[in-house]
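Okay, here's what each chain looks like letter by letter:
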Amino acid sequence: MSQKILKRLQMNIRTYTMIFALLLIWFLFGILTDWVFFSPRNLSNLFRQMTIISFLACGMVLVIVTGNIDLSVGSVTGFVSAIAAALQAYILPSILPNLFTGYSPFAIGTISTIITIVSSLIIGVLVGVFQGVFIAYLRVPAFIVTLGGMLIFRGGVLGITQGKTIVPIHDTFRMIAQGYFSNEVGWIITFFVVIAIFYNTILNRTKKKEYGFQLQPLYRDILKAGLISLLIVVFVFLMNEYRGLQIPVFILAVVAAIIAYITNNTRFGRYAYAIGGNREATRLSGINIPKNIFLIFVLMGLLCGVAGIILTGYVAAGTIGAGLNYELDAIASCILGGTSTLGGVGTVYGAVMGSLIMASLANGMSVMNMDIFWQYIIKGLVLILAVYIDVATKKTR
Amino acid sequence: MDQDTILEIEHVTKEFPGVRALDDVSLEVKRGEIHGICGENGAGKSTLMKILAGVYPYGSYSGTIRMNGQELRFTDSSIRHAIEAGIAIVYQELTLVPGMTVGENIFLGKEPLEHGVIHWNKLYSESKRILDKFGIEISPHAVVKDLGVGKQQMAEIAKALSENASILILDEPTSALSEEEVGKLMEILRGLKNHGVTCIYISHKLEEFFKIADRVTVMRDGKVVITEDISHLTLERMVNYMVGREISERFPKGNRHPGEVIFQVENLWAEDPFQYGKEILKGVSCDLRKGEILGIAGLMGSGRTELVTTLFGELGKITRGRILLEGRAIAPCSAREAMELGISLVPEDRKMLGLVLIQSIVENITLPNLHRFSSFLRINKNAALQESIRYANELSIKAPHLHIPVETLSGGNQQKVVISKWLMSNPKILILDDPTRGIDVGAKYEIYKLMNQLSEQGVSIIMISSELEEVLGMSDRILVMCEGRSAGILPIGEATQEKIMALATGIDKHIYNRSRS
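Residues numbered from 1 in each chain as written. Chains lettered and ligands numbered in written order. Predicted model: local features only at pLDDT ≥ 70, side-chain atom pairs only at ≥ 80, totals over all residues.

Participant: Could you give an account of the packing of helix α4 (residues 105-137) of chain A against helix α6 (residues 171-178) of chain A, naming the residues involved and the relevant values?
Facilitator: All names here are of chain A. With their axes 7 Å apart at the nearest point, α4 and α6 run at an angle of 55 degrees to one another. On the basis of the axis angle, α4 is oblique to α6. Packed against α4, whose contacting residues are G109, T110, T113 and T116, the element α6 presents D171, T172 and F173 at the interface. Of the residues in the contact of α4 with α6, the class split is 1 nonpolar, 5 polar and 1 charged. (Axes fitted to C-alpha atoms, helices over the stretch in contact; angles between N-to-C directions. Helix = DSSP H or I, 4+ residues; strand = E, 2+ residues; numbered from the N terminus. Parallel < 35°, antiparallel > 145°, perpendicular 65-115°, else oblique. Contact = placed C-beta atoms within 7 Å. Nonpolar A, V, L, I, M, F, W, Y, C, P; charged D, E, K, R; others polar.)

Participant: Account for the sheet that holds strand β19 (residues 429-433) of chain B, naming residues and giving values.
Facilitator: Residue and element names in this part refer to chain B. The strand order across the open sheet built from 6 strands is β18-β19-β20-β15-β21-β22, with neighbouring strands paired in mixed fashion. Edge strands, defined here as strands with exactly one partner in the open sheet, are β18 (343-346) and β22 (485-491). Each strand axis lies, on average, 20 degrees off the axis of its neighbour in the sheet, ignoring direction. In terms of strand pairing, strand β15 (residues 293-297) meets strand β21 (residues 477-482) through 4 bridges, oriented parallel. Residue pairing across strands places G295 opposite I478, the latter belonging to β21. (Pairing = 2+ DSSP bridges.)

Participant: Quick rundown of the domain arrangement of chain A? Include the residues and the values.
Facilitator: Residues and elements named next belong to chain A. Here the domain parsing of chain A yields domain 1 (34-179 + 247-389) and domain 2 (180-245). Each of domain 1 and domain 2 was reduced to a C-alpha centroid, and the two centroids are 27 Å apart. Each partner contributes residues to the interface: domain 1 has 8 residues there, and domain 2 has 8 residues. Listing elements by their share of the side of domain 1 that touches domain 2, those giving two or more residues are α2 (40-65) and α9 (247-265). Among the elements that take part in the side of domain 1 that touches domain 2, α2 stands out by supplying 4 residues, more than any other. Tallied by class, the residues present in the side of domain 1 that touches domain 2 amount to 5 nonpolar, 2 polar and 1 charged. (Domains from an automatic or database assignment.)

Participant: Go over the confidence of the model for chain B, please, and point to the residues and values.
Facilitator: Residue and element names in this part refer to chain B. In this model, chain B carries an average pLDDT of 85, and 94% of its residues clear a pLDDT of 70 or more. A low-confidence stretch, residues 512-517 (pLDDT under 50), is modelled with 0 contacts involving residues beyond four sequence positions or located in other chains. Scoring of the predicted complex yields 0.80 for pTM and 0.84 for ipTM. (pLDDT = per-residue confidence, 0-100.)

Participant: Can you lay out the pairing of β21(B) for me, pointing to particular residues and giving the numbers?
Facilitator: Residue and element names in this part refer to chain B. Counting buried positions along β21 gives 6 out of 6 residues, so the element sits mostly inside the fold. Burial along β21 is two-sided: the face carrying R477, L479 and M481 and the face carrying I478, V480 and C482 are both buried. Relative to β22, β21 runs antiparallel, the two sharing 6 bridges. Bridge pairing in β22 links C482 to R485. Connecting β21 to the next strand, β22, in antiparallel fashion are 2 residues, including E483 with a positive phi near 50 degrees. (Buried ≥ 20, exposed ≤ 12 C-beta atoms within 10 Å, placed from the backbone.)

Participant: How would you sum up the sheet that holds strand β14 (residues 279-289) of chain B? Please name residues and give values.
Facilitator: Residue and element names in this part refer to chain B. Sheet architecture is open: 4 strands sit in the order β14-β13-β16-β17, paired in antiparallel fashion. Both edges of this open sheet fall to β14 and β17 (328-330), since each of them pairs with a single strand only. Across the sheet, the mean angle separating the axes of adjacent strands is 15 degrees when strand polarity is ignored. Both strand β13 (residues 261-271) and strand β16 (residues 317-325) contribute to a ladder of 7 bridges, which runs antiparallel. Counted as the bridge partner of V265 is I323 from β16. Strands β13, β14 and β16 of the sheet are contacted by helix α9 (residues 304-311), whose axis makes an angle of about 70 degrees with β14.

Participant: Hey, could you go over the packing of helix α3 (residues 73-99) of chain A against helix α13 (residues 326-336) of chain A for me, with residue numbers and the actual values?
Facilitator: Residue and element names in this part refer to chain A. Running from N to C, α3 and α13 point in directions that differ by 125 degrees, and their axes come no closer than 6 Å. Between α3 and α13, the angle is such that the two are oblique. Side by side, α3 and α13 meet where V73, G74 and T77 of the first sit next to Y326, E327 and A330 of the second. A breakdown of the residues in the contact of α3 with α13 according to their chemical character gives 3 nonpolar, 2 polar and 1 charged.

Participant: So what's going on with the domain arrangement of chain B? Residues and values would help.
Facilitator: Often the size quoted for an interface is simply the accessible area lost on bringing the parts together. Residues and elements named next belong to chain B. According to the domain assignment, chain B consists of domain 1 (1-86 + 166-173 + 196-244), domain 2 (259-342 + 427-517) and domain 3 (349-426). Of note, the centres of domain 2 and domain 3, computed from C-alpha atoms alone, are 26 Å apart. In this assembly, 11 residues from domain 2 lie in contact with 10 residues from domain 3. In terms of residue count, the dominant contributor to the side of domain 2 that touches domain 3 is helix α16 (residues 441-456) (4 residues). Considered class by class, the residues forming the side of domain 2 that touches domain 3 number 8 nonpolar, 1 polar and 2 charged.

Participant: Go over helix α5 (residues 142-161) of chain A, please, and point to the residues and values.
Facilitator: Side chains three or four residues apart in an α-helix point the same way, a direct result of the helix having 3.6 residues per turn. All names here are of chain A. Helix length check: α5, at 20 residues, gives a terminal C-alpha distance of 28 Å against a target of 28 Å (1.5 Å per residue), a fit within 8%. Residues A142, V145, T146, G149, F153, R154, G156, V157 and T161 constitute the buried set of α5. Viewed end-on, α5 has its buried residues packed into an arc of 165 degrees, placing them on one side of the element. Projecting away from the buried face of α5 at angles above 90 degrees are the exposed residues I144, G155 and G159. Elements that come into contact with the buried residues of α5 comprise α3 and α4. Looking one or two places after α5, you find Q162, whose phi comes out positive at around 50 degrees. (Expected span 1.5 Å × (residues − 1). Arc of directions from axis to C-beta.)

Participant: Now, about unusual backbone geometry: what can you tell me, with residues and values included?
Facilitator: Looking along the chain, the bond that leaves V167(A) and enters P168(A) is cis, with omega of 0 degrees. Here the phi dihedral of R139(A) falls at roughly 60 degrees; this positive angle occurs in a residue that is not glycine. Checked against the element boundaries, R139(A) lands in the loop between α4 and α5. Overall, R139(A) belongs to the exposed group, with 9 C-beta atoms counted inside 10 Å. For H11(B), which is not glycine, the phi dihedral falls at a positive 50 degrees. With respect to the secondary-structure elements, H11(B) resides in strand β1 (residues 5-16). On the basis of neighbour counts, which here come to 12 C-beta atoms within 10 Å, the residue H11(B) falls in the exposed class.

Dropping the structure here:
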């Protein structure tokens, strides 16, 4: 009996390890920074800082789950960012005013921003198609293709920027990464999200009932939905204490929810897990593995596009160093979040949590004014430690 | 103890969950002899060898093993102990590093050093000495992957003998060799006697024993049936010893009425797509009726698995012959295409090829069938679960619920999951490759019942089995394979274990010739 309880406890600890780890790290930084770390302003910054890596981690989870890797995401993000900046600063300003004569500068800026966003996403997808074809259909290992891609698109960044910082970026574009919703809008969004959570819980229960499945006790489902809702409310409340809910965080929440849905509820997503779990068995089950892998790299490319847009808006420029080492942070986030390097295991939730931990470390150490070299060393050590704990708590074989 | 006895195995019993692999085995090997061991697949030969090699350590089995009068106790599962004791094993699958030279392979892990770096000259001269000593004509500088299978096998033997082994165990060394290579190998083995090496020789090919062995032990169902001087044995008697048992009531009687022929294989030849010119099928012909169970018997390496995986579109490149399904010629070239045609395959190795072990029962069952439960945007997980529950109940898969990972299930239940997954795809032809291997008797019975039920519903079944009893107990007709071709098709009324064995080992000509003369 006591063994059963212990076992259950162990399972729960594994499920919530990341939350514990996060709280521990936050608490430590709280003490070390005289609670500056917990100021609404800093928390607001922290969540905004995590978004770019989180977008990449959302895609990287699927890549790693299928047993692949993508080393190019940092360069691709930088590449998209450079093109977006070039469009904003040089190309579109020279074209649009001639096409849209008589429009106000603000209107032209908005049109420019929309064109830039769409172009950036298309470029991301094209990069994904390019690498995906090599990996999935021409069977070059992902490690090699994306290592090549890392160099190619870093070259692209240098070529486009010509070693200079590209400015200016239009205000509407900067809004995407730097903007806030007003408190009222924040609460309205929260309201609808909470409604959606409860509606979904009830809908799930009725559907299961229709199929005659045994249901969990109602209070447990309600409690779970309630807890998640509470977390969201607390979060929005804290953010409103500073300037409001950040637009990029909102975009991240939407994107992460979509990807999480895809991984759990579509054939595409489930096949990815099956491929990573046992490629041969999956192939013998009649599943088109190349197509699946290809689409995953296209999705990864699309997310690099999103990350590139946010990055450009965030720094309000295109820079030579844009996206440098992001691939490592994205991979580390996935691994911290419980994604298995052997494939077949990993969640979007975990990856986002992992990137929050990575961002917390970076943010906390900056607040402490720690030297940058220490920041690298500690991030590296934490990664190794986290995986060690994971290996040590798993049953040995 | 007799001075002439080098190895004494006494009352060794080894159990795996649900299976008694070795049952009170006692065996003596005389110094300097070549001792043949034969038996059907699963008779316990390999288990016995793994105990001798220390793969199953002391304590995991009961009984004693003595070598030169001293009891052997290999305490951990490292084969190092066995090597130190002087026992060397050459496995069926080669264990050389393909990219290294023969010399490097021979000295792998014990490279001669000079001032801390490898003494290459010594390594190669020593290798040469060893190869010459046993009459093996291979250059120590040759890279292993450039050698043919036969030469690799010999290099492997040289490596095994380089540790001054006094007992050399060969596990089906000739299964991949050509006639000529077999001849060379025999020569080398005969030469070993002069170097005081005792040889234990496991093989399916019974004739080989008459060429080379001094004594032969026949094993069956984990027991030693007999150990006899080769001069006192004949092929017929060996076959009888190998199969000599009665078929019990382990097979539920079906009520089958096979209908018209729906599937035909006509003189099918196929090549290994990865090895140019290597033929894996050399003329197979058979047909299958609606609602029939066609058993395929044959020894390991007879091409039975190659046949069904080729039919499933996953292995061979068809070079001659054709496959007809309901009168139409088909040529599936992937599992997907075969499935769309209504052919399903439950593969031989369920863990490697049949299951995603870390995923749940429901995920495994629905994997090939997800398209039925989903639109582009969504999988109807409730419907998928409902359908899975139906199959799980029908096949009585024993599990607390269907969301636990299949790796936690027993072998029998795992196999039922694999079968469920293919049943859900509603096949016209269900191919089962050794469906009851390594599972307990109760689960076997349930799988047999299911096979009967399916065939009564009109599904045609092709079943490969290593157990002759099973083939005889379940099939309507039996296709016997030998060396990549169909050696014969026996209606169940005419089939006996002896006839199947005779066809499968290719000694039918001997027996029939003799009985005629």
